[in-house]
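# Commentary on secondary and tertiary structure
One letter stands for each residue in the lines below.
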Amino acid sequence: MPEGTNVEQVRARFGATADRVAEHAEQQVEMVRDQLRSFVAPRGDERALDVGAGAGTLALALAPLVREVVGVDIVKELLERARANAPANVTFVEGDATNLPLESGSFDLVCTRRTLHHIAHPEPALAEMVRVTAPGGRVFVDDQIAPVDPLAALDLDRFEQARDPSHTRTLPDIDFRQLFEANGLVLLQERFQTHRRELDYYLDLAGCEGDARERARQLSPGGPDAYVAESASYLLRKP
């Protein structure tokens, strides 16, 4: 998870729920690996970076597909759990997504998954991702996206913030594209997906209890049992 003006909320939320997040991460690895294999199609010789690595879902999914993976996160509890499952070619380090402790141009493939909506100001995080990407290297971004309707987007963020206080803002597709353009990235391909999420599971995952849980349930955009989340994956090249 990334750093920013909400850093203490991020650390508190994910530190308290680290075991649940790690269990969820382990369940996701094979699925994410299949997605990476088909969408990113790594060559096998890349040095890759996972920004906002959390408990290691993306980094561990990438491990057999590339030469080396470095995962960066600010939540030490999540990093401890990620290291417990890490193969020899994966390293996890504590660091800030908006000020990466890494050399410019040192990675062939730079990735982030379900991270930018936890960053109060995602612009410097993406700029840092581009900085550490080698010329000709690729950038992979996967995140939830907001509805086109601004009122629906506002309702979604109210719900997500009630469910998870570390949530800042869900970006719409157009905002992602503007961020990519502002950083000189060339869009190679995109993919959009719809996910049905069981509400109780995702409330539990966020450690949402008591009055906050009831408020989140009332704000759920799909009702008290489940809601639908839209996500987008983008593969880009740094010229």
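Counted under the stated rule, the structure contains 24 salt bridges. In this structure, the salt-bridge partner of R158 is D155, at a minimum N-O distance of 3.7 Å. Pair noted here: R158 and D155 are both in helix α6 (residues 150-163), with a separation of 3 residues, about one helical turn. Among the residues examined, D155 registers a relative accessible area of 42% and is labelled partly exposed.

Tracing the backbone through its elements, the reader meets A41 in the loop between α2 (18-39) and β1 (47-51). When the C-alpha atoms of A41 and R191 are compared, they prove to be 14 Å apart, with 150 residues separating the residues in sequence. Other than its neighbours up to four places away in sequence, A41 contacts L36 and R138.

Now for the pairing of strand β3 (residues 90-94). When strand β2 (residues 68-73) meets β3, the two strands line up parallel, connected through 5 bridges. Bridging from a neighbouring strand, V70 pairs with T91 of β3. A crossover connection joins β2 to the parallel β3 through helix α4 (residues 76-84); in handedness this β-α-β unit is right-handed.

Conventions used here
Residues numbered from 1 in each chain as written. Predicted model: local features only at pLDDT ≥ 70, side-chain atom pairs only at ≥ 80, totals over all residues. Heavy atoms only, no water. Salt bridge = Lys/Arg side-chain N within 4 Å of Asp/Glu carboxyl O. Helix = DSSP H or I, 4+ residues; strand = E, 2+ residues; numbered from the N terminus. Buried < 20%, exposed > 50% of the residue type's maximum accessible area, 1.4 Å probe, protein only. Contact = heavy atoms within 4.5 Å. Pairing = 2+ DSSP bridges. Right-handed = clockwise from strand over helix to strand, strands pointing away.

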